[in-house]
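Coordinate analysis (summary)
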Amino acid sequence: NIWVNDNISIAPYGHIKSGYVRNYSSREKGRAGANIEIYENDYLRTEGRLGVGINYVINRLSLYCKVSGGYVMAGDRAEYSGEFLDSGEKMEIWGTSSEGTIKVIGIGAEYEIADSLSIYTNVNGNYYNNGREYYGNIGLNYSFAMVEKERREEIENKIIQEIITEKEIINIFETKGEKNASAEIKENIREKLGLEEGKEVSVLKYSKHIFFFKEEEDVKKFKNKIKEAGGRVSGKKVKRVLDGGKLSFKGYEKELGDMREGVLILQYENGLNEIKAIPEEARRAQRNTIIESVLEESQASMVWEMEVENDNVKISKEVVGKLGIKEGSSIYLLNYGRRIFLFKNRVEAAEFLWKLMDAGANIDEENIREIEGVEVKNEDVVGINVEELKDIGDLSKGIRFEHYGKDNTTEVKSVAEEEKRSKEEEITKEKVEGAIERRQKPMIKKYKLNVANFGLNEYSLTNKAKQIIAQEAKEIRKYDYTLITVEGHTDSTGREEINEKISRSRAQSVYKEFLLNGIPAGKIGFIGYGSRVPIATNAAEEGRAANRRTEIYVE
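Described below are features of the structure shown in this document.

Our focus in this paragraph is the overall build of the protein chain. The number of helices and strands found in the protein chain is eleven helices and 32 strands. For the protein chain, with 555 residues in total, the buried portion stands at 45%. Partitioning the contacts of the protein chain with sequence separation of at least 6, the portion at a separation of at least 24 is 66%. When the accessible surface of the protein chain is summed, it comes to about 29600 Å², and 49% of that surface belongs to carbon and sulfur atoms.

Turning our eyes to something else, we now look at the packing of helix 9 (residues 463–476) against helix 10 (residues 496–516). Interaxial distance between helix 9 and helix 10 falls to 9 Å at its minimum, and their mutual angle equals 55 degrees. One finds that helix 9 runs oblique with respect to helix 10. Seen along the crossing, helix 9 lies across helix 10 with a hand that is right-handed. Residue-level inspection shows K466, I469, E472, A473 and I476 of helix 9 in contact with helix 10, the latter providing V510, E513 and F514. Residue classes in the contact of helix 9 with helix 10 are distributed as five nonpolar, no polar and three charged.

This part covers helix 7 (residues 346–358). If you check helix 7, its first and last C-alpha atoms are 18 Å apart, about what 13 residues at 1.5 Å a residue would give, namely 18 Å. The complete set of buried residues in helix 7 reads E348, A349, A350, F352, L353, L356 and M357. Directly after helix 7, the chain includes G360, whose backbone phi takes a positive value near 110 degrees.

Strand 15 (residues 209–213) sits mainly inside the fold: five of its five residues count as buried. In terms of strand pairing, strand 14 (residues 200–206) meets strand 15 through five bridges, oriented antiparallel. Its bridge partner lying in strand 15, K205 is registered against I210. The turn joining strand 14 and strand 15, which pair antiparallel and follow one another in sequence, is formed by two residues; a positive phi near 55 degrees is taken by S207. Of the pairings in the sheet, the one linking strand 15 to strand 19 (residues 273–277) comprises three bridges and is antiparallel in character.

Quick look at the sheet that holds strand 1 (residues 2–3) now. Sheet strands pair by backbone hydrogen bonding; their relative direction is either parallel or antiparallel. The antiparallel open sheet is built from seven strands, whose spatial order is 1-2-5-6-9-10-11. A single partner strand is all that each edge strand has here, and the edge strands are strand 1 and strand 11 (131–142).

Spatial ordering of the open sheet is given by 20-27-28-24-23-25, a layout of six strands whose pairing is antiparallel. The two strands at the open ends of the sheet, each matched to only one other strand, are strand 20 (302–306) and strand 25 (368–371). The average angle at which neighbouring strand axes cross in this sheet is 25 degrees, direction not considered. The pairing of strand 23 (residues 331–336) with strand 25 spans four bridges and is antiparallel. Bridging from a neighbouring strand, Y332 pairs with E370 of strand 25. Lying on the sheet, helix 7 is in contact with strand 23, strand 24 (339–343), strand 25 and strand 28 (409–414); it crosses strand 23 at an angle near 15 degrees. Contacts from helix 8 (residues 415–440) reach strand 20, strand 27 (399–404) and strand 28, with the element oriented near 75 degrees to strand 28.

So, about the nonpolar core. Among the nonpolar cores identified, the biggest contains 21 residues, and L342, L389 and F401 are the most heavily contacted of them. Counting residues per element, the ones that place at least two in this core are strand 20, strand 22 (312–316), helix 6 (317–323), strand 23, strand 24 and strand 27. Excluding residues that lie within four positions of it along the chain, L389 makes contacts with V313, L333, I340, I384, L395, I399 and V412.

Residues I2, V4, I10, V52, I54, V67 and I105 make up a contiguous nonpolar surface patch of about 570 Å² in total accessible area. Structurally, the position occupied by V4 is in the loop between strand 1 and strand 2 (8–23).

Attention shifts here to the packing of aromatic side chains. What the rule picks out here adds up to six aromatic pairs. Seen in terms of ring centroids, Y511 and F526 are 4.9 Å apart; in terms of plane orientation they differ by 45 degrees. Their pairing is tilted. Of this pair, Y511 sits in helix 10 while F526 sits in strand 31 (residues 524–528); the two residues are 15 residues apart in sequence, bridging distant segments of the chain. The residue whose ring lies beneath K431 is Y529, and the NZ or CZ to ring-centre distance is 5.9 Å. If you follow K523 out to its NZ or CZ, it ends over the ring of Y481, 4.1 Å from the centre.

For the coordinates displayed, the defined rule picks out 20 salt bridges. Two residues, E40 and R22, come together in a salt bridge whose shortest N-O distance is 2.8 Å. With a gap of 18 residues between them, E40 in the loop between strand 4 (34–38) and strand 5 (41–58) and R22 in strand 2 connect regions that are remote in the sequence. Among the residues examined, E40 registers a relative accessible area of 48% and is labelled partly exposed. In this structure, D42 and R22 form a salt bridge, with 3.7 Å as the shortest nitrogen-oxygen distance. On the criterion of sequence distance, the pair formed by D42 in strand 5 and R22 in strand 2 is long-range, its members being 20 residues apart. According to the relative accessible area criterion, R22 is partly exposed, its value standing at 33%. Through salt bridges with shared partners, a single network forms among R438, R439, E487, R549 and E551.

What counts as what
- Once a new chain begins, its residue numbering starts again from 1 and follows that chain's sequence as written.
- Reporting in this predicted model follows two pLDDT cut-offs: at least 70 for local features of residues, and 80 or more for side-chain atom pairs to be given and counted; totals over whole chains, interfaces and linings ignore these cut-offs and use all residues.
- Calculated side-chain values reflect all of the structure's heavy atoms, with hydrogen atoms and water omitted.
- Strands are runs of DSSP state E lasting at least two residues, helices are runs of H or I lasting at least four, and both sets are numbered from the N terminus onward.
- Burial classification: accessible surface area is computed with a 1.4 Å probe over protein chains only, and a residue below 20% of its type maximum counts as buried, one above 50% as exposed, and the rest as partly exposed.
- Only heavy atoms enter the contact rule, under which two residues are in contact if any of them lie within 4.5 Å.
- In this description, accessible areas are obtained by the Shrake-Rupley approach with a 1.4 Å probe, and a residue is regarded as covered only by the protein chains that are shown.
- Here the axes come from fitting lines to C-alpha atoms, over the contacting stretch only for helices, and the angles between their N-to-C directions go from 0 to 180 degrees.
- Any angle between 65 and 115 degrees counts as roughly perpendicular, while under 35 counts as roughly parallel, over 145 as roughly antiparallel, and the rest as oblique.
- Crossing handedness: left-handed means the near helix sits turned counterclockwise from the far one by under a right angle, and right-handed means the same turn made clockwise.
- Residue polarity is assigned by list, with Asp, Glu, Lys and Arg as charged and Ala, Val, Leu, Ile, Met, Phe, Trp, Tyr, Cys and Pro as nonpolar; anything else, Gly included, falls into the polar class.
- For a helix, the expected span equals 1.5 Å multiplied by the number of residues minus one.
- Two strands are counted as paired when DSSP detects at least two bridges linking them.
- The nonpolar core is taken to be a set of buried Ala, Val, Leu, Ile, Met, Phe, Trp, Tyr and Cys residues, with the residues joined through side-chain atoms within 4.5 Å.
- A patch consists of residues whose relative accessible area exceeds 30% and which take part in no salt bridge; residues with like charges are grouped when within 9 Å of each other, and nonpolar side chains (Val, Leu, Ile, Met, Phe, Trp, Tyr) when within 5 Å.
- We define a salt bridge as a side-chain nitrogen of Lys or Arg found within 4 Å of a carboxyl oxygen belonging to Asp or Glu.
- Note on aromatic pairs: the rings of Phe, Tyr and Trp (six-membered ring only in Trp) are paired at centre separations within 6.5 Å, and the planes decide the class, stacked below 30 degrees, edge-to-face beyond 60, tilted for the rest.
- Any Lys NZ or Arg CZ that is within 6 Å of a ring centre and within 35 degrees of that ring's normal is treated as a charge sitting over the ring.

These figures come from the coordinates and say nothing about function on their own.
Take a look at the structure:
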């Protein structure tokens, strides 16, 4: 393809095709009163064509027109020959009038409905010197060239990593996702992105990434960066910011995935914005980051634990006094990211909400719930129904109040969930100690796969990685080994919960591939460390690249 602009390309092409034709003798009667005998004949027909196609590409849809000229190099003869038995006249049809040359014109469309699978339709005309034929096709195309596709995606991901670095990220905003592939961008976030209702933005797809720009000049700069890095990007789509601040990404559902769980907008330098649909665990991690950026103190100034009795949380009169809650007044709960904060009045709740919004949270006053008529009873307790606190998890062991005096904010936590989290931290510590101990043992063999063997932020192995593992498994089977441990590692970019999930999933992919190559399940295990066991500094890109790896230890 020779690209004229973002959407139009010219594609010169040529082909040679050859076909063997055989017809058997037959006799027909009653066709328009004709009594016809078809002679038996067979021959080889070979023709070559040169032509040019013009393609117009809009995301997954491709429209094309092609014109070509052909020459019959062999078998330029009638496909059928025979005679009218009543008159004795000879007849020849199909091919007899080409006299060596053919002219072809065709138009068609193709739409990619899945990876490597597309539906197509076309109409074509073949013109001979004294005849012509028209025909059409509709059908499915499936490409078996998955290796080429993976190689291309790997190259595109490397290009993205080259031209976008974490240092260029200015802000990360969370927005509400819509079922119809739209993102609801609230006014405070629109202001930071420089978007206005009714204003057009340019949406650009590259590999599995979706970017949007508010200025045309920024689109050109980014595309030039991709070209300088050796990539090619096709057309952009112009979208309009709708009333209510909604921006539609319809047509990109395959790349973005399900947007209903939430959407992240990554704001980079130079007018570049990237949109990503995020799964529940990633959304929770992002919200925790926002909360931690708002809380001015890393440690709570006061902590109290309360019991749950008859579906109500008991709060002592002493704690009520320290929190400044008055008898008969309301208290306010703010729910965000499965974390709940308690305030003695709506003003303080609203102030904390605005801080969250300024930090990029997709939140509004609907997240504040009023608990009316607090009653300080004779037994010195205030009751909050556990139904109001269900988002924080298991309440069987009671709740914990952590008060941040500087922000005048009290967070409500589950004692059981906090104990579970503490236990997980202990397990993590043991895992890291195990990794250090493993490195001090003598090993039969050590192997390492870098992140290029996986799709970007994905767990599936490339074909190249599978070939490497097959070779390693073949070599390992020659040894008298007792255990194989597959370790997954990431750099420190992003939340540790997500890093651990990615590292574990990648290690599991390698583990499964070893099983497929004859390694017994009882002699191999896998573990994900996230960013906890680095081999280089995470302060530089080279160090982060080295830390993104999967290691295999054979003992």
